[in-house]
Amino acid sequence: MNQIKGTDLLVKALKEEGVDLLFGYPGGQAIDLFNSLYGQNDIEVVLPRHEQALVHAADGYARSTGKVGVCMVTSGPGATNLVTGIATANYDSVPLVCITGQVPTNLIGNDAFQEVDIVGITRSICKHSVTVRDREDLGRIIKEAFYIARTGKPGPVVVDIPKDIQQAYGSDEYPSQVNIRSYKPSTGVHEGQLKKAVKILNASKRPVFLLGGGVKIAHAQEAMTKLAQQTQVPVITTIMGKGAIPTDHPLYVGNIGIHGNYASNTAISQCDVLFSIGTRFNDRITGKISEFAKNASIIHIDIDTASISRNIVVDIPIVADANVAITKMLEYTKPLDTKDWLASIQTWKDSYPIQMNRYPGLNPEKIICQINDMFPDAIVSTDVGQNQLWATQFLSLTGKKQLLTSGGLGTMGYGLPAAIGAKLGNPSQPVIAISGDGGFQMNLQELATAICMELPVIICILNNSWLGNVRQWQEMFFDKRYSATCLRYRRGCIHDCKNPDKCCPPYTPDFVKLAESYGALGIRVEREEDLKAAFAAAGKETKRPTVIEFLIDPEANVSPMVPTGKPLSEMVMDC
């Protein structure tokens, strides 16, 4: 048995776990870790420009590849800057291993320079967090971290490594097996419960499959598409579940929830069996809980026991991996007579389509439809706000196309770094980030990362000069009291402005000049007829990013909308 430093064992562990890309930002309590990575040709270290962006990039890499994303930072502010990204990944079940440097063990608890209890801070927002206290535990803890992150319901794991543990010599052995007595993720499915559920499904007249992000996390899209076709049951998705079956499939209805389409929300309200798979039933999709699918028998498949009957009480709970359960269901299900039900749903879709025709000229629907036409296999990330909602409404997801978005936490600033991570993990696929002008500015420094890594990501900024989603709520529910949402506001403006127009101050920054200052291609689009040329120019770039600023109607709203506390049936169709 050879004796090696803790830092060298970590590098060995990363290689054993198949890590070839690491997002890192060095500092005093992590300098030894980075020293051991120096010259390691098997592991590429990517240096983003901020730790929050770093963890979002690891997140985008993990979501788009299915691998565990790995990031590494120093103690104190380096570690605390990961918090938002860890919470983002935790809500959306993204497998990450986040390694943080820490002050030496003899200084822990003494308020040492850049000391924080990152394990305590993140305990409630990650799947597992641990400080390594003994050098001989290091290999086992790293092995367990990767195992916990990727198995069961995936999620982020935080491993805090004090500086003396990094420097200490110990065994060079890295475990090949994991045996955690208290952690036994579900690997099968209760066939009795599944048969009960299928029996109820087979007897239904107005059934619906409601699919969440768990179907995609389990890589069950192909099996789910077969199940929908085999049963002829219509499919509705949450925002995170969109893409669980191809969006051009005749059985796909659309998204449910606060900004779901009329047909989806109405079908949920009128169904007699709601067969849900891989969703938490959060408040963004249920509306008023007492009215949600109130006449339906509800079946819920989820890998997380705690998610079942937490928000919506269900009739048949099934704890299982979505892919395992769906594959098993294919053995039991049969075609149902849903012709009349499907015809009703199609009538609702035709009568109340989601469209933005009331906003002539350049609008988000036309922008996203151009992306659909020109980039059929793109990976698309979004920020949060109106840009995210329009993307989830109009983006088609077929073939290899993917949507990466912060669903549970709703994190602004996610789009650009996630796109960088996705492009690094999928170099041959086009990668597009859709952002609002507000969200883009939260991590715009990552243009430097894209330049330095020679990544031709395409950044689409939907510039309406507002924090648009909040502005829409202020318009609808607060008598146009636009408090702290106008991004053209200057100190000299009147404080109760309700009628923004072209007399407003110029926008800051100039996104085209900003892009050019980083070395990126900058394009501004104001007319619909210039859309194709802008995307064509961006598509020709092979080693640098393109920023396309689209000037859209400042008062364009996302429709339809279910007001807070109202049932899904009380949608406002024209916001």
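A quick note: this is a predicted structure, and the numbers were derived from the prediction, not measured.

What counts as what
Residues numbered from 1 in each chain as written. Predicted model: local features only at pLDDT ≥ 70, side-chain atom pairs only at ≥ 80, totals over all residues. Heavy atoms only, no water. Helix = DSSP H or I, 4+ residues; strand = E, 2+ residues; numbered from the N terminus. Rg over C-alpha atoms; globule rule 2.2 N^0.38 Å. Buried < 20%, exposed > 50% of the residue type's maximum accessible area, 1.4 Å probe, protein only. Contact = heavy atoms within 4.5 Å. Areas by Shrake-Rupley, 256 points an atom, 1.4 Å probe, with all protein chains shown as cover. Salt bridge = Lys/Arg side-chain N within 4 Å of Asp/Glu carboxyl O. Axes fitted to C-alpha atoms, helices over the stretch in contact; angles between N-to-C directions. Left-handed = near helix turned anticlockwise from the far one by under 90°. Nonpolar A, V, L, I, M, F, W, Y, C, P; charged D, E, K, R; others polar. Pairing = 2+ DSSP bridges. Phe/Tyr/Trp six-rings, centres within 6.5 Å; stacked < 30°, edge-to-face > 60°. Polar contact = N/O pair within 3.5 Å; in protein donor to acceptor, adjacent residues only side chain to side chain.

**Student:** Looking at this structure, how should I read the overall build of the protein?
**Tutor:** A tally of helices and strands in the protein yields 23 helices and 20 strands. A compact globule built from 575 residues should have a C-alpha radius of gyration of about 25 Å, and the protein, at 24 Å, falls within 12% of that. Here the C-alpha coordinates of the protein stretch approximately 70 × 65 × 45 Å along the principal axes. The 575 residues of the protein split such that 57% are buried. For the protein, the proportion of contacts with a sequence separation of at least 24, taken over those separated by at least 6, is 75%. Put simply, the protein shows about 23,500 Å² of open surface, and 49% of that area lies on carbon and sulfur atoms.

**Student:** Before we go on, may I ask you to explain the pattern of salt bridges in this structure?
**Tutor:** It is possible for side chains bearing opposite charge to pair when their charged atoms get close. Scanning all chains against the criterion turns up 21 salt bridges. The closest approach of N and O atoms between Arg524 and Asp510, which form a salt bridge, is 2.8 Å. Taken together, the residues Arg524 in strand E19 (residues 521-525) and Asp510 in the loop between helix H21 (468-477) and helix H22 (511-518) connect sequence positions 14 residues apart. Among the ionic pairs, Arg527 bridges to Asp530, the shortest N-O distance being 3.1 Å.

**Student:** Help me out: how do you make sense of the packing of helix H12 (residues 262-270) against helix H15 (residues 339-351) in this one?
**Tutor:** To describe two helices that pack against each other, one gives the angle between their axes and the distance between the axes. Across the interface, H12 lies against H15 with an axial gap of 8 Å and an inter-helix angle of 140 degrees. Seen along the crossing, H12 lies across H15 with a hand that is right-handed. Taken together, the residues of H15 that come into contact with H12 (itself represented by Tyr262, Ala263, Thr266, Ala267 and Gln270) are Trp341, Ile345, Trp348 and Lys349. A class-by-class count of the residues in the contact of H12 with H15 yields six nonpolar, two polar and one charged.

**Student:** Can you help me understand the sheet that holds strand E4 (residues 69-73) in this one?
**Tutor:** Whether parallel or antiparallel, the strands of a sheet pair through hydrogen bonds between backbone atoms. If you trace the six strands from one edge of the open sheet to the other, you get E3-E2-E4-E5-E7-E6, paired in parallel fashion. Sheet topology places strand E3 (44-46) and strand E6 (128-131) at the edges, where each strand pairs with a single neighbour. For this sheet the average axis-to-axis angle between neighbouring strands, irrespective of direction, equals 20 degrees. Where E6 lies against strand E7 (residues 156-162), four bridges are found, and the strand directions are parallel.

**Student:** Would you take a moment to explain the side chain of Glu144 for this structure?
**Tutor:** Relative to the assigned elements, Glu144 resides in helix H7 (residues 138-150). Dropping the residues within four chain positions of it, Glu144 is found in contact with Val178 and Ile180.

**Student:** Mind showing me how you'd approach the sheet that holds strand E14 (residues 316-319) here?
**Tutor:** The parallel open sheet is built from six strands, whose spatial order is E11-E10-E9-E12-E13-E14. Every other strand in the sheet has two partners, leaving strand E11 (252-255) and E14 as the edge strands with one partner each. Taking each pair of neighbouring strands and ignoring which way they run, the sheet shows an average axis angle of 15 degrees. Across the sheet, helix H14 (residues 322-329) touches strand E9 (207-211), strand E12 (273-277) and strand E13 (297-302), and the angle it forms with E12 is around 135 degrees.

**Student:** Quick question: what am I supposed to make of the packing of aromatic side chains here?
**Tutor:** How two aromatic rings sit relative to each other is given by the distance of their centres and the angle of their planes. With the rule as written, the count across this model stands at 12 aromatic pairs. Consider the rings of Phe281 and Phe292, whose centres lie 5.7 Å apart with planes at 75 degrees: the pair is edge-to-face. With Phe281 in the loop between E12 and helix H13 (283-286) and Phe292 in the loop between H13 and E13, this residue pair connects regions lying 11 residues apart in the sequence. As far as the burial class goes, Phe281 and Phe292 line up, both buried. Measuring from centroid to centroid gives 5.7 Å for Phe440 and Phe511, while their planes differ by 75 degrees, and the two rings are edge-to-face. Here Phe511 lies in helix H22 and Phe440 lies in helix H19 (residues 437-440), a separation of 71 residues in the sequence. On the basis of relative accessibility, which here comes to 2%, the residue Phe440 falls in the buried class. The class for Phe511 is buried, based on a relative accessible area of 1%. The rings of Phe375, Phe535 and Phe550 are connected pair by pair, giving a single aromatic cluster.

**Student:** I keep staring at helix H16 (residues 364-374) and nothing clicks. Help me out?
**Tutor:** Because the α-helix completes a turn every 3.6 residues, residues three or four places apart line up on one side. Of all the residues in H16, the buried ones are Pro364, Glu365, Ile367, Ile368, Gln370, Ile371 and Asn372. Against the buried residues of H16 lie helix H17 (386-394), strand E17 (431-436), strand E18 (458-463), helix H23 (531-540) and strand E20 (546-551). The backbone nitrogen of Glu365 lies 3.0 Å from a side-chain oxygen of the residue at the head of H16, namely Asn363.

**Student:** What is the right way to look at unusual backbone geometry in this model?
**Tutor:** Most peptide bonds take the trans form, and the phi angle of most residues other than glycine is negative. For the peptide bond that leads from Thr508 to Pro509, omega is 5 degrees, which places it in the cis range. Position of Pro509 among the secondary structure elements: in the loop between H21 and H22. For the bond from Ser559 to Pro560, the omega torsion is -5 degrees, close enough to zero to count as cis. Mapped onto the secondary structure, Pro560 falls in the segment after E20. At Ser93, a position not held by glycine, the phi torsion is positive, near 55 degrees. For Phe281, which is not glycine, the phi dihedral falls at a positive 55 degrees.

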